[in-house]
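# Topology and contacts: notes
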Amino acid sequence: MKSAEKLHTIVLVLDEANTLSFAAAVDPLRAANRQAGRDLFDWQFATPENRDVSLTSGLIIPAAPLHDVTTCDVLIVVAGFNLHAQSTPRLRSSLRRLAARAARVAGIDGGPWIMAQAGVLDGHRATTHWEDLDAFAQRFAAVTCVDARFVDSGSRLTSGGAAPALEMMLHLIAQHHGAALAERVASSFIYDAAPTPARPQGRQRPRVHNAPLTARAQDMMQANLEDPIPIKVIARHLGVSLRALQLQFQASLRTTPQAYYLGLRLGEANRLVTQTALPLQDVALITGFASQSSFARAYRQRFGVSARQRRSDLATFNRASDADGGRRQYRR
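Everything numeric in this text was worked out from a predicted model, so none of it was measured. (Residues numbered from 1 in each chain as written. Predicted model: local features only at pLDDT ≥ 70, side-chain atom pairs only at ≥ 80, totals over all residues. Heavy atoms only, no water.)

A few words now on the sheet that holds strand E1 (residues 7-13). Taken in spatial order, the 6 strands make up an open sheet running E2-E1-E5-E6-E10-E9, and their pairing is mixed. Among the strands making up the open sheet, the edge pair consists of strand E2 (41-46) and strand E9 (150-153). Taken pair by pair, the neighbouring strands of this sheet meet at an average axis angle of 15 degrees, ignoring direction. When E1 meets E2, the two strands line up parallel, connected through 6 bridges. Paired with His 8 across the strands is Asp 42, a residue of E2. (Pairing = 2+ DSSP bridges. Helix = DSSP H or I, 4+ residues; strand = E, 2+ residues; numbered from the N terminus. Axes fitted to C-alpha atoms, helices over the stretch in contact; angles between N-to-C directions.)

Further remarks concern the environment of Asp 147. Along the chain, Asp 147 turns up in the loop between strand E8 (144-145) and E9. The spatial distance from the C-alpha of Asp 147 to the C-alpha of Thr 128 is 7.9 Å, given a sequence separation of 19 residues.

Our focus in this paragraph is the side chain of Thr 276. Relative to the helices and strands, Thr 276 is located in the loop between helix H11 (257-275) and helix H12 (280-286). According to the relative accessible area criterion, Thr 276 is buried, its value standing at 10%. Only 3.3 Å separates the side chain of Thr 276 from the backbone nitrogen of Leu 278, close enough to count as a polar contact. (Buried < 20%, exposed > 50% of the residue type's maximum accessible area, 1.4 Å probe, protein only. Polar contact = N/O pair within 3.5 Å; in protein donor to acceptor, adjacent residues only side chain to side chain.)

The subject of this paragraph is the pattern of salt bridges. Applying the stated rule across the entire model yields 6 salt bridges. Put simply, Asp 42 and Lys 6 hold a salt bridge, and the shortest N to O gap is 4.0 Å. A residue pair is termed long-range when its members are at least 10 positions apart, and Asp 42 in strand E2 and Lys 6 in the segment before E1 qualify at 36 residues. A salt bridge links Asp 27 to Arg 30; the shortest N-O distance between them is 2.8 Å. With Asp 27 and Arg 30 both in helix H1 (residues 19-36), this residue pair falls 3 residues apart, about one helical turn. (Salt bridge = Lys/Arg side-chain N within 4 Å of Asp/Glu carboxyl O.)

Formed by 35 residues in total, the largest nonpolar core has its most connected members in Val 13, Ile 76 and Val 78. Every element with two or more residues in this core is listed here: E1, H1, strand E5 (74-79), strand E6 (104-109), helix H6 (162-177) and helix H7 (179-188). Ile 10, Trp 113, Ile 114 and Val 143 belong to the second largest nonpolar core, which has 29 residues in total. (Core = buried A, V, L, I, M, F, W, Y, C linked by side-chain atoms within 4.5 Å.)

Attention now moves to the packing of aromatic side chains. The geometry of an aromatic ring pair is captured by two quantities: the separation of the ring centres and the angle between the planes. Under the counting rule described, the total for this entry stands at 8 aromatic pairs. Residues Trp 113 and Phe 140 carry aromatic rings whose centres are separated by 5.5 Å and whose planes lie at 75 degrees to one another, so their mutual orientation is edge-to-face. Residue Trp 113 is found in helix H4 (residues 111-118), and its partner Phe 140 is found in the loop between helix H5 (133-139) and E8; the two are separated by 27 residues along the sequence. Summarising the burial analysis for this pair, Trp 113 and Phe 140 share the class buried. (Phe/Tyr/Trp six-rings, centres within 6.5 Å; stacked < 30°, edge-to-face > 60°.)

Turning our eyes to something else, we now look at the packing of helix H10 (residues 242-253) against H11. Remark: H10 packs on H11, axes separated minimally by 9 Å, with the N-to-C direction vectors making an angle of 65 degrees. Our classification of the angle between H10 and H11 gives roughly perpendicular. Between H10 and H11, the residues in contact are Leu 245, Gln 246, Phe 249 and Leu 253 and Pro 257, Gln 258 and Tyr 260, respectively. Broken down by class, the residue content of the contact of H10 with H11 amounts to 5 nonpolar, 2 polar and no charged. (Parallel < 35°, antiparallel > 145°, perpendicular 65-115°, else oblique. Contact = heavy atoms within 4.5 Å. Nonpolar A, V, L, I, M, F, W, Y, C, P; charged D, E, K, R; others polar.)

Here it is in structure tokens:
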């Protein structure tokens, strides 16, 4: 898909977008031009409405309404928080109009949500930030949701967050202007890892592992939250005795493998309780609890409050946030 033509790029930036996500979308284009010694990309910023938007760092993007944009080759949607209020009918209409003619449409972090709400991801594979994958899959049945760092689905690209966005942009540069240029751009950022889009996103890692054995054990636990594996089976798979695995966890993490595994499951359960509308019975099953009552006991013991009360408190917080102009609705 190499192209000698300059690609006109529109970067749509929403209020409360992550600053690093914004930079990951734009700076690789600048670096590609510099490394190539000519303008391969030009870009301009767009905003949902005719008013400035503010990134999470306070950086201001001047007003440049998307509905005034007539055409583009590449459209990149950078979004973070408070998405529902910003996804207006006018914005969705503008996205559909531009997506129908653009060669590539890409979304970063919350960007895939905005794209999906506009219908421009229907029939495509896509990803979003791992905290929101379950809710995304539940909300958009016409989109094939994938747990990946970034996803290339032909004319659509989606990234789970800021770091994978850099990889996605390197991938885009390679496709349009060759792998050699993408490698030079990566080198200019001192980035030496090859883009690996299909690798699942890194999720919760509550403690730093100083032993490869416990890190490998956690990977197995993390991949089997819904149907927990007995610790003795994990030990056997890792080629050590149950006693050796227990001693390594105690020495490295000051806990038992059983307690650590339960912590991972409850951490995921808390995310589902606070970040999705899944019924609590479904949350219990997804995180490996045989019954809602056993889940309720474990959740209260870990967090000091019931899952139902946690949701009620969160709803109260969000109502207060709405009354305060939405300034406190940060998920991450």
